[in-house]
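Chain and residue survey
Residues per chain, in single letters:
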Amino acid sequence: SKGDLNALAAHFGFTVTRTPDIPASVRSVTDTRNGKIYVHGRDSFDAKQARSVILQTLGHFALEHADPKDFGEFLRQRVEANYFAGAVLVPESSAVPFLLDAKSDRNLSVEDLKDRFFVSYEMAGHRFTNLATQHLGFGTHFLRSDDQGIIWKAYSNNGVPFPKNSAGAIEGQRLCREWGTRQAFTSDARFTIHYQYTDTSEGTFWCATFVETAQEPAHAITVGVRFEDARWFRGWNTERHSVSKCPDGACCRFVSEEAAERWNGYAWPSVRPNSHVLAAMPVETVPGVDMVEIYEFLTRRENGAFD
Ligand SMILES: [Zn+2]
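Read on for an overview of the structure. Note that this is a predicted model, so its numbers are computed, not measured.

Parameters at a glance
Residues numbered from 1 in each chain as written. Predicted model: local features only at pLDDT ≥ 70, side-chain atom pairs only at ≥ 80, totals over all residues. Heavy atoms only, no water. Helix = DSSP H or I, 4+ residues; strand = E, 2+ residues; numbered from the N terminus. Buried < 20%, exposed > 50% of the residue type's maximum accessible area, 1.4 Å probe, protein only. Contact = heavy atoms within 4.5 Å. Areas by Shrake-Rupley, 256 points an atom, 1.4 Å probe, with all protein chains shown as cover. Pairing = 2+ DSSP bridges. Axes fitted to C-alpha atoms, helices over the stretch in contact; angles between N-to-C directions. Polar contact = N/O pair within 3.5 Å; in protein donor to acceptor, adjacent residues only side chain to side chain. Expected span 1.5 Å × (residues − 1). Parallel < 35°, antiparallel > 145°, perpendicular 65-115°, else oblique. Left-handed = near helix turned anticlockwise from the far one by under 90°. Nonpolar A, V, L, I, M, F, W, Y, C, P; charged D, E, K, R; others polar.

Here's the deal with the overall build of the chain
Check the secondary structure of the chain and you find ten helices and nine strands. The buried share of the chain, reckoned over its 307 residues, is 45%. In the chain, once contacts between residues fewer than 6 apart in sequence are set aside, the share between residues at least 24 apart is 56%. Working note: accessible area of the chain is about 16,700 Å², and carbon and sulfur atoms make up 51% of it.

Structure (structure tokens):
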């Protein structure tokens with residue numbers, strides 16, 4: 001509840017203030033000198049999101065994170081802060097019995113975990129993957145990608161073949177168009193949960209994908225398992241089945257001769273900044289964040305504007 005959250009914030013020496021004028025590039029701003037965490041006011045930001053943002057922020061302090069030295073460290077810190085928020089909002093002591101019941105009914109679902117604990121689909125998906133290996137007895141994969149198939153977050157311990165660049169980075173790479181995370185965008189199940197089986201170079205996987213349309217561009221969140229573990233999940237009996245031949249096959253990388261002939265020289269894509277741009281960037285303080293804007297915001301607040 002709200003009271004618990006404020007008590008937890010107070011434990012770390014913070015008060016939480018909701019304000020409508022927070023800079024657009026961030027979800028929260030923390031003033032460590034005055035012990036204040038600012039999050040978006042009620043209008044643009046729902047209570048569920050605000051809770052998880054506050055907890056992720058507290059997580060950074062609870063885990064004593066220093067300013068990240070590079071993008072890898074930024075990602076690692078973000079994963080840890082997410083883990084902290086997930087562990088508080090979806091406690092193991094109540095989540096595990098809930099999931100074991102669902103497993104015995106062969107009706108596991110990230111959506112149910114989300115509804116039961118009043119968290120976002122993404123948070124529920126994270127927490128599900130955290131708990132599954134130890135408590136449910138199988139490995140999982142987690143993916144978040146945008147409508148262009150660019151991966152923003154990825155995790156796996158089930159051997160699913162994620163695309164990687166030469167340095168081994170997964171974030172910023174483009175997913176095979178045959179994967180559920182991409183198919184969901186054009187699926188007739190776009191507004192519910194898209195289930196599918198996908199054959200890959202590492203075997204067949206089953207996954208459930210939810211498209212979050214609340215933001216622009218929409219993002220898709222996938223949780224998946226190996227074929228033999230699909231039977232524990234709602235949606236195991238889906239008839240959707242696709243074949244991915246990436247990274248070596250012809251399903252994504254090659255353009256047909258006909259299309260090449262027609263469009264060569266006539267297509268001029270306007271590239272949108274994506275996380276792979278960030279991956280190549282030297283990090284000053286926080287990637288993608290305008291620190292001047294943040295400092296101006298904090299100065300305005302310290303001078304008592306809007307109080
Ligand atoms: Zn492909």
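Remarks on the sheet that holds strand 5 (residues 151-156)
Taken together, the six strands give an open sheet; going across it, the order is 5-4-8-7-6-9, and neighbouring strands pair in mixed fashion. The open sheet is flanked by strand 5 and strand 9 (241-243), the only strands paired with a single partner. Neighbouring strand axes in the sheet, compared pairwise and without regard to direction, differ in orientation by 25 degrees on average. The pairing of strand 7 (residues 203-212) with strand 8 (residues 219-226) spans eight bridges and is antiparallel. When the bridges of strand 8 are listed, Phe210 appears paired with Ile221.

Thoughts on the pairing of strand 7
Strand 7 sits mainly inside the fold: seven of its ten residues count as buried. Summarising the sheet, strand 6 (residues 194-200) and strand 7 pair through seven bridges and their orientation is antiparallel. Residue pairing in the sheet places Thr198 in a bridge with Phe205 of strand 7. Between strand 6 and strand 7, which pair antiparallel in sequence order, lie two residues. The loop that links strand 7 with its antiparallel partner strand 8 comprises six residues.

What about the sheet that holds strand 2 (residues 28-31)?
Spatially, three strands are ordered 1-3-2 in an open sheet, and the strand pairing comes out mixed. Each edge of the sheet is formed by a strand with only one pairing partner; in this case those strands are strand 1 (15-19) and strand 2. Across this sheet, the average inter-strand angle for adjacent strands is 20 degrees, counted without regard to direction.

Here we look at the environment of Glu202
In this structure, Glu202 sits in the loop between strand 6 and strand 7. The sequence separation of Glu202 and Asn158 amounts to 44 residues, and the corresponding C-alpha distance is 9.9 Å. Once residues lying within four places of it in the same chain are set aside, the contact partners of Glu202 are Gly159, Pro161 and Arg226.

Structural notes on the side chain of Asn158
Position of Asn158 among the secondary structure elements: in the loop between strand 5 and helix 7 (180-183). Residue class for Asn158 comes out buried when judged on its relative accessible area of 6%. A distance of 3.2 Å separates the side chain of Asn158 from the backbone nitrogen of Val160, its partner in a polar contact. Here Gly224 takes part through its backbone oxygen, which lies 3.5 Å from a polar atom of the side chain of Asn158.

Describing helix 2 (residues 47-62)
Residues that lie three or four places apart on an α-helix share one face, since the helix turns once every 3.6 residues. Look at helix 2: 22 Å from first C-alpha to last across 16 residues, which is about the 22 Å you get at 1.5 Å a residue. Within helix 2, burial applies to Ala50, Arg51, Ser52, Val53, Ile54, Leu55, Gln56, Thr57, Leu58 and Gly59. Among the residues trailing helix 2, Glu64 stands out with phi positive, at a value near 55 degrees.

Some remarks on the packing of helix 5 (residues 110-117) against helix 6 (residues 121-136)
Closest axis-to-axis distance for the helix 5/helix 6 pair is 8 Å, and the angle between their directions is 110 degrees. By the angle between their directions, the pair helix 5 and helix 6 is classed as roughly perpendicular. In this structure, helix 5 crosses over helix 6, and the sense of that crossing is right-handed. On helix 6, the residues touching Val110, Glu111, Leu113 and Lys114 of helix 5 are Tyr121, Ala124, Gly125 and Phe128. Partitioned by chemical class, the residues of the contact of helix 5 with helix 6 number five nonpolar, one polar and two charged.

By themselves, these figures tell us nothing about what the structure is for.
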